[in-house]
Every structure is written in structure tokens, then in C-alpha cells.
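# Coordinates in review
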Amino acid sequence: MNSTDLWQRYQDWLYYDENLGFYLDISRIGFDDFFLKAMLPKFERAFQQMADLEAGAIANPDENRQVGHYWLRNPDLAPSPDLKQEIVETLAQIDTFTQQIHSGSIHPPHAERFTDLLVIGIGGSALGPQFIADALAPQNAPLAIHFIDNTDPAGIDRTLGRIGDRLDRTLVLVISKSGGTPETRNGMIEAQAAYQKRGLKFGDYAVAITGHDSQLEKIAHSEQWITTFPMHDWVGGRTSEMSAVGLVPAALQGIDIHAILEGAKLMDIATRRPDLATNPAALLAFAWYYAGNGKGAKDMVILPYKDSLLLFSRYLQQLVMESLGKEKDLEGHIVHQGIAVYGNKGSTDQHAYVQQLREGVPNFFITFIEVLNDRQGESIEVEAGITSGDYLSGLLQGTRQALYENKRESITLSLPEVNPRTVGALIALYDRAVGLYGYLVNVNAYHQPGVEAGKKAAASVLALQRQMVQVVQQSPQPISLTDLAQQMGVPEQIETIYKIVRHLHSNQREIVLKGDLGQPTTLTVARL
Ligand SMILES: O=P(O)(O)OC[C@H]1O[C@H](O)[C@H](O)[C@@H](O)[C@@H]1O
């Protein structure tokens with residue numbers, strides 16, 4: 001296509017949202033009118049399914065659940081007065097609690113104010129809060145945020161080390177919808193131990209955000225934690241940023257949560273339109289479908305040209321891949337759906353992997369995210385008539401063009417600036433696009449059955465570890481791996497047992513290994 005035709009195509013497909021000052025350009029995705037016509041009936045169905053979902057249908061059939069994250073930003077849409085009240089009351093509870101923490105009316109036993117916030121959670125109970133904190137926390141936030149989002153002991157030490165002496169002024173938010181996620185439980189127990197070591201009562205510092213009647217809620221009540229916030233059954237982890245999960249940490253950092261909700265609500269209005277050309281989420285889903293042939297044949301590379309949006313790709317990784325990455329469609333046929341997501345930020349990535357994008361395997365499409373306002377205040381010139389921001393903007397345009405010339409497709413989103421409203425809108429745009437795409441490819445975007453397999457396997461490894469330690473304890477002689485597996489009655493698990501033994505040996509716990517570490521058959525295991 002020549003430049004005049006491209007310019008025309010750009011204008012034909014440009015979406016602009018007046019309320020949000022938000023642009024979406026899918027002109028550099030190569031669909032034609034024929035493809036468009038073929039997709040329209042699919043979109044009609046998807047719009048209808050989405051309307052049913054918003055009206056309270058059981059949109060997650062496997063788990064027999066409603067999917068209600070849209071109601072969080074407009075409680076009037078909730079399908080019953082009770083649900084509406086739950087949302088409104090939780091929001092009021094968050095506002096009151098934030099005010100009490102900031103004013104010091106709720107304070108730690110030995111200080112006038114909390115100064116730090118430790119969030120313990122994983123997956124949907126961490127990625128949103130991490131993205132929002134990095135994108136929006138003010139420089140002198142009333143509470144400085146820290147995360148434990150794993151069961152890595154060294155990672156936990158690193159976070160607690162950063163908090164250091166301020167532990168007695170640190171408020172802890174333990175976030176888990178199910179209230180039983182082992183990584184989060186471990187983080188909580190480790191944090192609890194750190195408080196105890198300092199002679200502090202954990203409950204005086206802790207708040208839980210969790211589902212009704214969960215294990216975590218029970219602990220919070222029995223240990224008299226400061227308070228608890230509800231995590232509704234009808235909000236999925238990866239779309240929970242606008243429930244208490246995302247709003248409590250954001251509000252405590254002094255971020256305007258009502259503006260986040262307002263931006264999302266405005267985007268919801270736009271993405272509710274049952275019309276492909278004027279619905280930005282539908283345009284996104286349409287572009288993804290074309291680029292990957294409705295089968296995820298191409299990866300989604302997310303490239304925000306703004307440092308504060310760095311964590312958006314990580315946030316989207318869960319939202320897109322956990323929602324769409326499914327073995328079966330809604331009728332139970334094997335489909336192996338999904339779209340892989342990766343990316344960091346431009347122009348930084350230009351000095352890393354963009355070489356491959358431009359010249360290597362063409363298995364991706366890019367989403368450029370442009371932020372029109374460079375910074376608060378004036379910019380100096382780094383060359384005659386040119387600022388750093390001009391460079392960033394030029395690099396974005398240049399990369400888009402260079403990739404297009406090499407037949408690499410792209411989408412470009414442009415926001416006026418990064419603020420609570422636009423970030424709320426961005427999140428809402430993508431959760432709707434993922435929902436619509438899920439309907440286009442006929443998968444349940446709201447469950448994650450595949451995650452369970454790894455969790456079950458981990459539990460059986462830990463059971464083997466306990467059994468193995470017992471057998472070694474009772475064995476008078478050092479014992480070979482083969483005999484050990486034999487005595488445990490699981491000869492087929494020898495590799496797993498070997499790895500458990502190696503891990504314990506490396507940590508000088510319970511057992512010692514003797515022999516040539518490079519040759520497992522020479523090894524014997526004895527009690528320490
Ligand atoms: O909030 P939680 O119940 O602790 O769950 C945390 C995460 O764990 C699971 O493995 C799911 O795959 C995620 O969707 C979820 O966000």
C-alpha cells in the first residue's frame with residue numbers, strides 16, 4: 001500500500017474517544033473487507049454473549065459463577081440490589097479505612113502512623129496492585145509499598161530487608177481470593193515470624209482481602225487482625241484490580257481510586273457498543289483475531305513508550321494467557337487456544353530484541369502504547385529544537401514504520417497521559433477485549449483448569465519429601481537412590497526423589513548426600 005492509501009486507511013479505522021482523549025489505530029493490521037464481513041456475525045454473537053454476561057448470566061459455566069467485574073465500576077449495573085449494596089459498601093469501607101490510616105486514627109501500637117505497606121499475594125492478587133503502584137504511586141506516597149509475591153525465601157528476605165527497622169510501622173495486606181494459595185500462606189507465615197521476632201503482635205498490623213469464609217478470613221478473625229475486606233465470588237483474580245484487591249493498596253498509596261473507576265466506567269461505555277467500528281475493545285479483538293488467524297498463531301508484543309507502564313505487559317500476560325490459553329472450547333473440543341504476550345518498554349527494547357522483530361521470525365504483532373504528554377512541566381532541548389520526548393516519539397514512529405516495511409503488523413494505542421483515569425480505562429479496554437476474543441474463539445475466558453495440575457503435582461512432591469525423610473531416618477546405613485525409591489514403594493519416582501534429596505542436601509537439612517554429584521547412580525543418602 002502506498003503512503004496515500006495508508007493515510008486513508010489510518011483515517012478510516014481510527015478510533016478516538018473524546019471523553020478519555022484516547023486513540024486506537026489498527027490500520028497496520030492487514031485485514032480486508034472480505035475478512036471484515038466474515039467476522040461481523042461472530043461479533044454480533046460475541047456482543048450478545050457479553051451483554052448476557054453483564055446482565056448476570058452464568059458466564060463461567062465450569063465454576064457455575066457470574067462474572068461481574070464490570071459492575072464494580074458501575075454498581076447500578078449489578079443484577080440485584082444485594083450485589084449493588086455489597087459493591088457500594090465495600091467502596092465506602094475502603095474510603096473510610098484509607099482516611100483512618102492516613103490520619104493516624106488507626107495506627108501501629110508503637111508509632112503515630114503507618115509508613116509502609118507490605119502486600120502479600122500472587123497472580124491476580126499481586127499483578128494489578130504491582131502495575132498500579134509502578135504506574136501511579138505519587139513520589140511521596142503516604143505509604144511506601146512492598147510486595148511478597150512468591151514463596152522464594154531469598155525474595156522474602158529481600159523484601160523484609162528493604163523494610164528493615166520500619167517493620168513496626170508497616171501495615172500488611174494479605175490478599176487471596178481463595179484464601180488458600182500456598183505461596184501467599186507461606187509469605188504470610190514468614191511475615192508473621194518476622195513480626196514475632198521483633199516482639200510485635202502480627203494481628204495489630206494485618207488486614208486480609210479474601211473470599212467469604214475462606215481459610216484466610218478465619219485466621220484474620222481468630223487472630224483479631226485490624227480488619228478484612230471482601231473479595232466477591234463473581235470477580236475473577238485477573239480482573240480484580242477494581243475490587244478491594246486493587247483499590248485498597250492503591251488508595252493507601254494516595255492514588256485516586258475514584259478516578260481509576262471513572263476511567264474504567266467511561267471505557268466500559270465505549271466497549272459496550274455492539275458495533276465493531278466504534279467499539280475499541282472489539283477493534284482490538286478483531287485485530288488479534290486477524291493477526292493470529294483466530295488461533296494465536298502470532299504473539300502479542302506489548303511495547304509502551306513510557307517507563308511508568310513497564311509492568312503493563314506482565315499484567316496482560318496473566319489477563320490474556322490465563323483467560324485465553326485453553327485446551328478445550330465451550331463444547332469440549334480440543335482447540336489449544338491462546339495468545340502469548342511479552343514486552344517491556346520502548347525505546348529500551350529497541351536496544352535488546354527489536355532486531356529479531358524487524359528481521360527474524362515473523363511470529364508476532366506489536367502493540368505500541370504512546371503517551372502524548374511527555375512530562376509535567378517544561379522540557380529542555382537535547383539538540384537544537386528537539387527534546388528527549390521528541391526522541392521517544394520519533395523512535396516509536398520510526399520503529400512502527402520500519403516494522404511495517406518488513407511486513408510486521410502493529411496496533412497503536414495513544415493516551416493523553418498516564419493518570420488514574422487513563423490507566424483505569426486501559427485496564428477496562430483489555431479486560432473487555434479479552435472477553436470478546438474469548439467469545440470469538442468460543443472458550444471459557446473465566447476459568448483456569450490448567451493451573452491445578454502443577455499445584456497438585458507440587459503437593460505430591462512435598463508428600464514424597466516427608467516420606468523420604470522418614471525412610472532415611474530409619475535406615476541404619478547410607479542408602480542408594482534406587483533402594484530409597486524402592487523402599488518408599490515408588491521406584492518410578494526416582495528422579496523426583498533425587499531432586500528432593502539434592503535440594504535438602506544443598507540446604508544442609510535432614511540428609512547428606514555422598515558420591516559423585518554429577519553421577520546420580522553413585523550417590524548414597526544418609527541422615528544428617
Ligand atoms: O487470589 P488467590 O486465590 O490467592 O489466587 C491467586 C492466583 O492463583 C491461581 O493459581 C490462579 O491461577 C490465578 O488466577 C489467581 O489469581
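Residues numbered from 1 in each chain as written. Predicted model: local features only at pLDDT ≥ 70, side-chain atom pairs only at ≥ 80, totals over all residues. Heavy atoms only, no water.

- The name that an unreviewed UniProt entry assigns to the protein is Glucose-6-phosphate isomerase, with the source organism given as Spirulina subsalsa FACHB-351.
- In its Catalytic activity (unreviewed entry) section, the UniProt entry covering the protein states "alpha-D-glucose 6-phosphate = beta-D-fructose 6-phosphate".
- What UniProt records for the protein under Sequence similarities (unreviewed entry) is the sentence "Belongs to the GPI family." (UniProt positions renumbered as here; feature names shortened; annotations may be inferred.)

### A word on the UniProt feature "active site" (unreviewed entry) in the protein
- Here, the residues flagged by UniProt with the feature "active site" (unreviewed entry) are Glu322, His351 and Lys455. Of the residues just listed, which span 134 residues, the most distant C-alpha pair is 37.3 Å apart, and they do not cluster in one region. Residues that both appear in the annotated list above and line the largest pocket are Glu322 and Lys455.
- Positionally, His351 belongs in the loop between strand E9 (341-342) and helix H13 (354-359).
- His351 sits in the exposed class, given a relative accessible area of 70%.
- Considering the arrangement of structural elements, one finds Lys455 in helix H16 (residues 449-474). (1 Å grid on protein atoms, 1.4 Å probe; cavity = no way out; pocket = protein on both sides within 12 Å on 5 of 7 lines; lining within 4 Å. Helix = DSSP H or I, 4+ residues; strand = E, 2+ residues; numbered from the N terminus. Buried < 20%, exposed > 50% of the residue type's maximum accessible area, 1.4 Å probe, protein only.)

### Details of empty space enclosed by the protein
- Scanning all chains against the criterion turns up 2 cavities of 30 Å³ or more.
- The computed volume of the largest cavity comes to approximately 70 Å³.
- Lining the largest cavity, in full, are Leu72, Ile87, Thr90, Leu91, Ile94, His232, Met242, Ser243, Ala244, Leu247 and Leu261.
- Counting only elements with at least two residues in the lining of the largest cavity, the list comes to helix H4 (81-103) and helix H9 (244-252).
- Looking at the lining of the largest cavity, the element that brings in the most residues is H4, giving 4 residues.
- Classifying every residue of the lining of the largest cavity by side-chain character gives 8 nonpolar, 3 polar and no charged.
- The volume enclosed by the second largest cavity comes to roughly 30 Å³.
- Those elements that provide at least two residues to the lining of the second largest cavity are helix H5 (127-136) and helix H12 (312-324).
- Across the lining of the second largest cavity, the residue classes tally to 2 nonpolar, 6 polar and 2 charged. (Points joined across faces, edges and corners; volume = space filled by probe spheres on them. Nonpolar A, V, L, I, M, F, W, Y, C, P; charged D, E, K, R; others polar.)

### Structural notes on the pairing of strand E4 (residues 144-148)
- Within E4, 4 of the 5 residues are buried, leaving the element largely enclosed by the surrounding structure.
- Two elements, strand E3 (residues 116-120) and E4, share 5 bridges in a ladder whose sense is parallel. If you follow Leu117 over to E4, its bridge partner there is Ile145.
- In this view, the connection linking E3 to its parallel neighbour E4 by way of H5 has right-handed handedness. (Pairing = 2+ DSSP bridges. Right-handed = clockwise from strand over helix to strand, strands pointing away.)

### What to know about the confidence of the model for the protein
- With 100% of its residues at a pLDDT of 70 or more, the protein has an overall mean of 97.
- If you check the scores for this complex, the pTM reads 0.97 and the ipTM reads 0.98. (pLDDT = per-residue confidence, 0-100.)

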